[in-house]
Amino acid sequence: MIDGTAGVSGRRDADEALLDNPAALAEHDPGDMLRHTASAGAQVRESAALAAEANLAVLADDGRPRAVVIAGIGTAGRTGDVLATVAGPRCPVPIIGHRSAGVPGWVGAADVVIAVSASGRSPEALGAAEAAHRRGARLVAVGAPDSQLQSVAERARAPFIPVPRRAPARASLWALTVPVLLAARSLGLVKVNEADLAETASRLDADADRCRSAAESFVNPAKSLALGLAGSIPIVWGSSPLATVAARRFGDTLSANARYPVVTGALGEAGRGRVGLLDGVFGGLAEGERDIFADPAEDDGEGTRLRLVLLRDGGLNAEDDTDEPLAVEERRADAVQTLAERRGVRCDVVTAEGGSALERLASLIAVPDFASIYLALAHGLDPMAVPAITEMKELSNQ
Ligand SMILES: O=P(O)(O)OC[C@H]1O[C@](O)(CO)[C@@H](O)[C@@H]1O
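Procedures and definitions
- Residues numbered from 1 in each chain as written.
- Predicted model: local features only at pLDDT ≥ 70, side-chain atom pairs only at ≥ 80, totals over all residues.
- Heavy atoms only, no water.
- UniProt positions renumbered as here; feature names shortened; annotations may be inferred.
- Helix = DSSP H or I, 4+ residues; strand = E, 2+ residues; numbered from the N terminus.
- Disulfide = S-S within 2.5 Å.
- Buried < 20%, exposed > 50% of the residue type's maximum accessible area, 1.4 Å probe, protein only.
- Pairing = 2+ DSSP bridges.
- Axes fitted to C-alpha atoms, helices over the stretch in contact; angles between N-to-C directions.
- Contact = heavy atoms within 4.5 Å.
- Patch = residues over 30% accessible without salt bridge, like charges linked within 9 Å, V, L, I, M, F, W, Y side chains within 5 Å.
- Areas by Shrake-Rupley, 256 points an atom, 1.4 Å probe, with all protein chains shown as cover.
- Salt bridge = Lys/Arg side-chain N within 4 Å of Asp/Glu carboxyl O.
- Core = buried A, V, L, I, M, F, W, Y, C linked by side-chain atoms within 4.5 Å.
- Domains from an automatic or database assignment.

- The protein chain is annotated in an unreviewed UniProt entry as Mannose-6-phosphate isomerase of Micromonospora orduensis.
- In its Sequence similarities (unreviewed entry) section, UniProt records this for the protein chain: "Belongs to the PGI/PMI family."

Below is the structure:
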């Protein structure tokens, strides 16, 4: 059955003017996704305070674990990628993301499972928390207060860090991530100090200010990124493992908020494969045939083109924090920019700023997060509504 009216309503062509009309922005954003996204810095501070109240010190009692499993789906699962990249390649134990219910077969008493769920009721996180308890693994749970996840944690006498439920999971990345980092810190696996958290929160505040709805497109990096992406197929590549986490996060938000298909990944790997996209029908071929006098309003989709977003990791990493010398990453990032330029594929670059890994990651996530919302709004889409996800859950009985 085809129902052309299913899903959210919006328009195919982006309305540039709407982005500089605060009243129209507010009208199209009834769930306040812009405000929730602007709370990222506050989320870091609040979650750090809530984690300090949980008894995370008990985690250290049994010493260093054999492995840490981060269990959760969607944004909750992304927190495991953040932990792995902030811990870096010298982390003494494996950090493994697990995105389906339960835990990997090898998990046992020597391991730690961190179950994460914004709602506190995803089958993936609940299944993992229960399985961890059954197998005698150390458990930490992060999620909504008074949720099923909290009950499982209480039954297991495991630390539970409450994350107040004010926004959808994807607008709660920082609230979910900080407790995961602090649990790993208690285990001696990651170096995140109070100054890193404070500087990350300040960075997120400053970026939220630059990206505020009252700041017009020509001074607002998120609005200009969104307008550049409008009508294109975004390709988001990260120059380093840390930047790749931010690239995948941009893929999540572009898909969920703006409903854009997107290719994301690590530039190192893309350079041996997907970089070929730049030569394809949506890349160099489309650019070569572009009629620069054509009316964009008459674009029937045949003119769909790639837009490359390169997230560059600034080069501030200490030598022993990287897998590859920084110079290699930098040369690769320069190379892909040259390739794009030679083919006429437009490219936006976001460069990391800040001292700690966490702050640099935040600096690569903040502007793209806002851009995904502005892109939704430019298309008249409510960035909060997720009818396809709801329908999917109903149809698959989940
Ligand atoms: O964090 P939760 O509540 O477990 O949800 C997991 C994922 O499921 C969704 O809510 C979709 O159902 C995503 O937005 C979210 O990231």
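Details of the UniProt feature "domain: SIS" (unreviewed entry) in the protein chain
Right, on to step 1. UniProt records the feature "domain: SIS" (unreviewed entry) at residues 56-189, using the numbering of this structure.
Right, on to step 2. The span residues 56-189 shows a helical share of 36% and a strand share of 17%, and its end C-alpha atoms are spaced 13 Å apart.

Concerning the state of the cysteines
Right, on to step 1. Taken as a whole and judged by the stated rule, the model has zero disulfides.
Right, on to step 2. Free cysteine cysteine 211: the closest other cysteine sulfur is in cysteine 347, separated by 18 Å.
Right, on to step 3. With relative accessibility at 26%, the residue cysteine 347 sits in the partly exposed group.

Regarding unusual backbone geometry
Right, on to step 1. Despite not being glycine, arginine 157 has its phi angle at roughly 50 degrees, a positive value.
Right, on to step 2. Relative to the helices and strands, arginine 157 resides in the loop between α6 (148-155) and β5 (160-162).
Right, on to step 3. Positive phi, normally seen in glycine, also occurs at arginine 259, with a value near 60 degrees.

Thoughts on the sheet that holds β5
Right, on to step 1. The five strands are arranged β2-β1-β3-β4-β5 in an open sheet whose pairing can be described as parallel. The two strands at the open ends of the sheet, each matched to only one other strand, are β2 (95-98) and β5. Across this sheet, the average inter-strand angle for adjacent strands is 15 degrees, counted without regard to direction.
Right, on to step 2. Here four bridges tie strand β1 (residues 68-71) to β2, and the two strands are oriented parallel to one another. Within the sheet, the bridge partner assigned to valine 69 lies in β2 and is isoleucine 96.
Right, on to step 3. Contacts from α6 reach β3 (112-117), β4 (138-143) and β5, with the element oriented near 155 degrees to β4.

Some details on a nonpolar patch on the surface
Right, on to step 1. Together, Val281, Phe282 and Leu285 make up an exposed nonpolar region whose accessible area comes to about 290 Å².
Right, on to step 2. A relative accessible area of 57% means that valine 281 is categorised as exposed.

Details of the nonpolar core
Right, on to step 1. In terms of nonpolar packing, the biggest core is built from 87 residues, with Leu56, Ile114, Trp174, Leu311 and Tyr374 touching the most fellow members.
Right, on to step 2. Considering each element in turn, this core owes the most residues, 15 residues, to helix α14 (residues 357-378).
Right, on to step 3. Looking at which domains feed residues into this core, each of domain 1 (2-20 + 216-390) and domain 2 (37-197) gives three or more.
Right, on to step 4. Excluding residues that lie within four positions of it along the chain, tryptophan 174 makes contacts with Ala40, Gln43, Val44, Ser47, Pro179, Thr200, Leu204, Leu358, Ala362 and Ile365.
Right, on to step 5. If you look at the next biggest cluster of nonpolar residues, it comprises 21 residues, including Val107, Ala125, Leu149 and Ala153.

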